[in-house]
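Commentary on secondary and tertiary structure
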Amino acid sequence: MCKLVLDGGSVSSFTSVSNVFIDEYMNKANGEFVKIYLYLLRMVSKVMDAPEEFSTEKIADHFGILESDVYRALTYWNDEEVLSLSFNDEGKIEGVLLNNYIQTKAASSRILHQDESVDVNLLAKASGESVSVPATSSKEYIIPVKKKRSASEITKFAEDGTVKELCFLAEQYLSITLSPAATNSIIYMVEDLKLDSDLIEHLLESGETSLPKIEKKAVAYAKAGITTLEDAKQDEMFRDKISKAIYKVFGEESPAPVKREIDFISKWHNEFKFSDEIIIEACHRTMAHTHKGSFEYTDSILTNWYNKGALSMEAIEKLDDEHSKKQSSKFAKTSKKASKKKKIESHTYDFKELEKKLAQSNKKKD
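Residues numbered from 1 in each chain as written. Predicted model: local features only at pLDDT ≥ 70, side-chain atom pairs only at ≥ 80, totals over all residues. Heavy atoms only, no water.

1. Points about the overall build of the chain
- When helices and strands are counted, the chain shows 17 helices and two strands.
- The 366 residues of the chain split such that 32% are buried.
- Pairs at least 24 residues apart make up 59% of the contacts formed inside the chain by residues separated by at least 6 positions.
- Just so you have it, the chain exposes about 24,200 Å², and 52% of that area is on carbon and sulfur atoms. (Helix = DSSP H or I, 4+ residues; strand = E, 2+ residues; numbered from the N terminus. Buried < 20%, exposed > 50% of the residue type's maximum accessible area, 1.4 Å probe, protein only. Contact = heavy atoms within 4.5 Å. Areas by Shrake-Rupley, 256 points an atom, 1.4 Å probe, with all protein chains shown as cover.)

In structure tokens form, the structure reads like this:
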């Protein structure tokens with residue numbers, strides 16, 4: 001046996017972890033999820049240096065956990081947009097892309113809507129490279145503290161067409177006369193939180209009678225990156241009865257809304273025009289096939305029905321019947337071949353025994 005001395009040469013002997021991950025993502029995540037993400041970072045350089053087969057099963061074996069736990073961790077980081085997952089036709093993970101979530105923050109509390117460049121040389125040093133590593137720009141939403149505007153500032157903002165109209169609607173819906181402080185709340189939603197006027201009007205007409213409570217909802221929308229009425233409607237649909245029913249079938253508690261899952265439900269309702277009954281049926285079939293809740297697998301079922309024009313339960317049952325007939329026909333052909341083979345085998349003779357009998361018969365004749 002030969003002992004080998006490995007020389008790392010110019011290859012970096014450490015794995016770089018962004019401060020943004022440590023500050024913004026790590027504190028909210030399950031410890032097992034963090035371990036798996038750090039392991040993925042490590043494996044990126046390892047696979048690049050010496051390509052090898054990599055799978056969720058290998059990750060599970062490495063940590064001595066279930067493969068479903070690995071799947072749950074990858075799904076969590078996918079929801080957080082730290083990485084992006086790709087799926088095959090069966091709804092199983094087939095690819096993992098580590099996103100560049102490096103973000104710069106403003107010194108003062110405000111919402112950043114501009115793309116901000118990252119010093120690529122800093123990333124190069126952190127990764128042990130001698131040349132710059134390209135980095136994509138990104139956005140970071142920071143909810144600003146409401147400013148205490150002076151009376152003259154409030155008056156000036158109130159002359160703006162959008163603010164003026166929303167102040168009028170607020171007085172109508174809430175049956176109040178807006179004070180300067182209340183007017184400043186409207187200004188805060190428009191100027192600082194950057195919510196569309198249609199969304200603010202939607203909040204005003206929601207039946208809520210307190211402007212501070214409306215402002216609180218506006219802040220919650222801004223934190224979730226919801227700035228338009230369309231986004232808000234999708235969010236409300238997720239929280240509605242259908243989402244609770246889906247998670248009940250999946251055997252899970254209804255979690256906080258995740259954009260990816262909101263988008264799936266929106267697609268099934270708005271694009272495919274499926275009823276709740278059909279969506280729940282697809283969820284039941286997902287559990288029957290995978291034994292776990294998966295929006296991706298459910299989407300593959302519903303997409304297949306949509307592509308085949310099966311938009312009602314009757315049409316889906318017809319597809320099931322056709323599939324059963326095909327399977328029965330396939331089974332019948334297989335059985336027929338097996339029966340024919342058995343018949344041939346049943347007529348197989350022992351030629352040595354026949355020759356022996358024939359020889360005995362000839363002796364008797366002699």
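2. Digging into the environment of glycine 31
- Secondary-structure assignment places glycine 31 in helix 2 (residues 31–49).
- Between the alpha carbons of glycine 31 and alanine 73 there is a distance of 9.9 Å; along the sequence they are 42 residues apart.

3. What to know about unusual backbone geometry
- If you check the backbone angles, glutamate 81 has positive phi at about 65° while not being a glycine.
- Looking at the element boundaries, glutamate 81 is found in the loop between helix 4 (67–79) and strand 1 (83–87).
- The phi dihedral of lysine 194 is positive, around 60°, even though this residue is not glycine.
- In this structure, lysine 194 sits in the loop between helix 8 (180–192) and helix 9 (197–204).
- What makes lysine 194 partly exposed here is its relative accessible area of 39%.

4. A word on helix 7 (residues 161–174)
- Taking 1.5 Å of rise per residue, the 14 residues of helix 7 would be expected to cover 20 Å, and the 20 Å separating its terminal C-alpha atoms lies within 8% of that figure.
- Along helix 7, the residues that are buried comprise Val163, Leu166, Cys167, Leu169, Ala170 and Leu174. Along the axis of helix 7, the buried residues cluster in a sector spanning 165°; they form a single face. Exposed residues lying more than 90 degrees from the buried face of helix 7 are Lys164 and Glu165.
- For helix 7, the N-terminal cap is aspartate 160; the gap from its side-chain oxygen to the backbone nitrogen of threonine 162 is 3.1 Å.
- Remark: serine 175 follows helix 7 within two positions and exhibits a positive phi of approximately 55°. (Expected span 1.5 Å × (residues − 1). Arc of directions from axis to C-beta. Polar contact = N/O pair within 3.5 Å; in protein donor to acceptor, adjacent residues only side chain to side chain.)

5. Considering the packing of helix 7 against helix 8
- Interaxial distance between helix 7 and helix 8 falls to 10 Å at its minimum, and their mutual angle equals 130°. Between helix 7 and helix 8, the angle is such that the two are oblique. The chirality of how helix 7 crosses helix 8 is right-handed. In contact with Val163, Leu166, Cys167 and Ala170 of helix 7, helix 8 contributes Thr183, Ile186, Ile187 and Val190. (Axes fitted to C-alpha atoms, helices over the stretch in contact; angles between N-to-C directions. Parallel < 35°, antiparallel > 145°, perpendicular 65-115°, else oblique. Left-handed = near helix turned anticlockwise from the far one by under 90°.)

6. A look at the packing of aromatic side chains
- All told, the structure shown has 14 aromatic pairs when counted by the stated rule.
- Taking 5.7 Å as the distance between ring centres and 55° as the angle between the ring planes, the aromatic pair formed by tyrosine 247 and phenylalanine 295 counts as tilted. Placement of tyrosine 247 in helix 12 (residues 241–249) and of phenylalanine 295 in helix 15 (residues 295–307) is noted, with a sequence separation of 48 residues between them.
- On the basis of relative accessibility, which here comes to 5%, the residue phenylalanine 295 falls in the buried class.
- Within the aromatic cluster, the residues linked to one another by ring pairs are Phe21, Tyr25, Phe33, Tyr37, Tyr76 and Trp77.
- Taking the ring centre of phenylalanine 157 as reference, the NZ or CZ of arginine 149 above it sits at 5.0 Å.
- In this structure, lysine 292 is placed above the aromatic ring of tyrosine 71, and the distance from its NZ or CZ to the ring centre is 3.9 Å. (Phe/Tyr/Trp six-rings, centres within 6.5 Å; stacked < 30°, edge-to-face > 60°. Lys NZ or Arg CZ within 6 Å of the ring centre and 35° of its normal.)

7. Structural notes on the confidence of the model for the chain
- Within the chain, residue pLDDT values average 75, and 69% of them lie at 70 or more.
- Mean pLDDT across the elements of the chain bottoms out in helix 5 (residues 120–127) (35) and peaks in helix 15 (93).
- In this model, residues 1–11 is a region of pLDDT below 50 whose contacts with residues beyond four sequence positions or in other chains number one contact.
- Scored below 50 in pLDDT, residues 47–51 shows one contact in the model against residues more than four places distant or in partner chains. (pLDDT = per-residue confidence, 0-100.)

8. Structural notes on the pattern of salt bridges
- Under the definition given, this model contains seven salt bridges.
- Here lysine 267 and aspartate 299 are joined by a salt bridge, their closest N and O atoms 3.1 Å apart. Placement of lysine 267 in helix 13 (residues 259–271) and of aspartate 299 in helix 15 is noted, with a sequence separation of 32 residues between them.
- By relative accessible area, aspartate 299 is classed as buried at 11%. (Salt bridge = Lys/Arg side-chain N within 4 Å of Asp/Glu carboxyl O.)

9. Observations regarding the nonpolar core
- Judged by nonpolar contacts, the single largest core of 28 residues is most densely connected at Ile186, Met189, Leu193, Leu204 and Leu211.
- Looking at this core, the elements that each hand over two or more residues are helix 7, helix 8, helix 9 and helix 10 (211–223).
- Among all residues touching isoleucine 186, those that are not within four sequence positions of it are Val163, Leu166, Cys167, Ala170, Leu178 and Leu211. (Core = buried A, V, L, I, M, F, W, Y, C linked by side-chain atoms within 4.5 Å.)

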